[in-house]
Each structure stands twice: as C-alpha cells, then as structure tokens.
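Residues per chain are reported as follows:
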Amino acid sequence: MVTIQKYVRAQSLEEAYTLNQARQNRIIGGMLWLKMSELRIGTAIDLCDLGLDTIEETDEEFRIGAMATLRMLETHQGLARYTGGAAAEAVGSIVGVQFRNMATVGGSLWGRFGFSDVLTLFMAMDSYVELYKGGIVPLARFAAMKPDRDLLIRLIIKKVPGSFAYQSMRNQRTDLPVLACAVSHWGGRVRIVVGARPHKAVLVLEEALPEGGLTPGAAKALARKAAAAAVTGTNLRGSAAYRTHLIRVLAERGILALGGKA
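Residues numbered from 1 in each chain as written. Predicted model: local features only at pLDDT ≥ 70, side-chain atom pairs only at ≥ 80, totals over all residues. Heavy atoms only, no water.

## Considerations on the sheet that holds strand β3 (residues 39-46)
Worth spelling out the cut-off: Strand pairing is assigned whenever DSSP identifies at least 2 bridges connecting the two strands. Only DSSP runs of H or I with at least four residues qualify as helices, and only runs of E with at least two residues qualify as strands; both kinds are numbered from the N terminus onward. Between the N-to-C directions of two axes lies an angle of 0 to 180 degrees, each axis being a line fitted to C-alpha atoms and, for a helix, fitted only over the stretch in contact.
The strand order β1-β3-β2 describes an open sheet built from 3 strands, whose pairing is parallel. Edge positions in the sheet fall to β1 (2-9) and β2 (26-28), since each of these pairs with one other strand and no more. Neighbouring strand axes in the sheet, compared pairwise and without regard to direction, differ in orientation by 40 degrees on average. In the sheet, β2 pairs with β3 via 3 bridges, with the strands oriented parallel. Its bridge partner lying in β3, Ile28 is registered against Asp46.

## Re the pattern of salt bridges
For side chains of opposite charge, pairing can occur when their charged atoms come near one another. Keep this limit in mind: Criterion for a salt bridge: a side-chain nitrogen of Lys or Arg within 4 Å of a carboxyl oxygen of Asp or Glu. For each residue, the accessible area found with a 1.4 Å probe, counting protein chains only, is set against the maximum for its type, and the residue is called buried under 20%, exposed over 50%, and partly exposed in between.
Evaluation of the coordinates by the stated rule reveals 15 salt bridges. A salt bridge links Glu57 to Lys159, with the nearest nitrogen and oxygen atoms 2.6 Å apart. Of this pair, Glu57 sits in strand β4 (residues 55-57) while Lys159 sits in the loop between β8 (152-158) and β9 (162-170); the two residues are 102 residues apart in sequence, bridging distant segments of the chain. Note on Glu57: relative accessible area 36%, which makes it partly exposed. The residue Arg63 makes a salt bridge to Glu61 at a minimum N-O spacing of 3.3 Å. Since its relative accessible area comes to 22%, Arg63 is described here as partly exposed. Overall, Glu61 belongs to the buried group, its relative accessible area being 13%. Connected through salt bridges with shared partners, the residues Glu61, Arg63, Glu130, Arg154 and Lys158 form a single ionic network.

## A word on the packing of aromatic side chains
What counts here: Only rings of Phe, Tyr and Trp enter the pairing, Trp through its six-membered ring, and a pair is recorded when the two centres are within 6.5 Å. The plane angle decides the type: under 30 degrees is stacked, over 60 is edge-to-face, the rest tilted.
Applying the stated rule across the entire model yields 5 aromatic pairs. With a centroid separation of 5.7 Å and an interplanar angle of 45 degrees, the aromatic rings of Trp110 and Phe142 are classed as tilted. A residue pair is termed long-range when its members are at least 10 positions apart, and Trp110 in helix α6 (residues 105-110) and Phe142 in helix α8 (residues 139-144) qualify at 32 residues. Residues Phe113 and Phe115 carry aromatic rings whose centres are separated by 5.0 Å and whose planes lie at 5 degrees to one another, so their mutual orientation is stacked. Assessed through its relative accessible area of 24%, Phe113 is described here as partly exposed. On the basis of relative accessibility, which here comes to 24%, the residue Phe115 falls in the partly exposed class. Of the aromatic side chains, those joined through ring pairs into one cluster are Phe62, Tyr82 and Phe164.

See below:
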C-alpha cells in the first residue's frame, strides 16, 4: 500500500524538479505500478498541469509528452502510419483499455521495467528522451542509465524512412509478456530489440541489410544470431531456454513482416 502525506500539482518543470530532489517525494503518472509497492511518499508530484499529455507530429519527428497515455499511442493515426501498426500492436495487449487510458508513456519508460512493451518498441527506432536537466539522450543510453532525480519530459521519435514490426508472446491475452521483440529496418541496417527476457529491453543485433534482402533464409539466420546474443533468465512466466527459443521464433516472424512492409 502507498501512503501519501501531501499532493502537489506542479505549475512548472522547475517546481516539479525541485520537489523531486527530496528522496521521500515521487513523481506520479497513472499510479498503476507505483500503487502496488509498499511506499510512504512525502509529496506526490503531479505533472498534469504542464501540458505534457500530447503527441505532436511534424515532418521530421513525433514529440510524445511524458503524460501522454498508452491509449493515445495505440490510437494515434500518425504513429500507426509511420510504424505500420507496430505501435498499436505493442500496447494493444497491455491489460485493457481502462488501464491504457491511465498508464503514461513517461511512467512506462522511466521505470525501465523488464516487461515494458513500450521500451522494447521504441528502442528499435531512432528514439530519444528529453530530460529536464540531462537534455536529449538516445533512448538506448537512457535505458542503461541508473535512475536519478531528473524529470522525463518527452519521448522523441525521428521520422527516418524505415519499417517496423512488433511481436510478443503472452500466456494469455492481457498478461505481461513472456518475451517481447521489436524488429526494424532503417538507415540500411536491421535491428532486433528483445524485452521481457525477463530483464529490461536491449538491442541484441544490429547488422547491415543482407545483400539478398529480407528473405526467409536471411530472417532465420538473423533470428538465430539474435537468440545467441541475448541473455535470458527464468521466472514464473518461463524459463531461460524457452525465452531463447522464443527469440528465434519471434525475431524471424518480425523480420519476415519487415520484408513484406519493405
């Protein structure tokens, strides 16, 4: 259970940042994972008045505010066109619509959860996070950083020409993933990101596009390389060996889907 002594709706990023420097204080988003922990929070800091609940699209990029919800990712037409439906595929199985209407992009990324479909998907793209003090940081580098007291303002997705696919394995439709896999082809390279290993998402393979294209043979070979490179573990949802097998299966399916999109 979470106990909150004081609740503040910050009126500026500076106010939110200053309040967040106290160890007993917390930034709150949808409160969907935080409320499941045992915490005594001094001041709960709400960012809902700071205009961070939007998705802005330009010719060059998407700028997704930290308070934008997963449902907004799922239904945004620009993201659907750019990702070829991968964005909706990645978040569409996360619990239910009511949950996705509350869960925030910022909370999903800041937590660096091992099971995060959101982190897995966007690590396969030309993605960055904007931090209040830390500036703009590549998403993969941010995922590897230790949590600190900075503020995540928004996610930035560069519109590089490419194609994207998302695959996951769940024991049931709305469960957390046993394994998540995002595959992309942009900048002349194929990238495979694996999440829910059960550890947080990592880029396990990045190679130049095979000379013959994304053929079934190339898909199988790349998937085997990805499985060999990924470190997996065992938990209640599956064993390390099962997850390694799933990487081969899901990565191959994703690459074949890319071939169709390309």
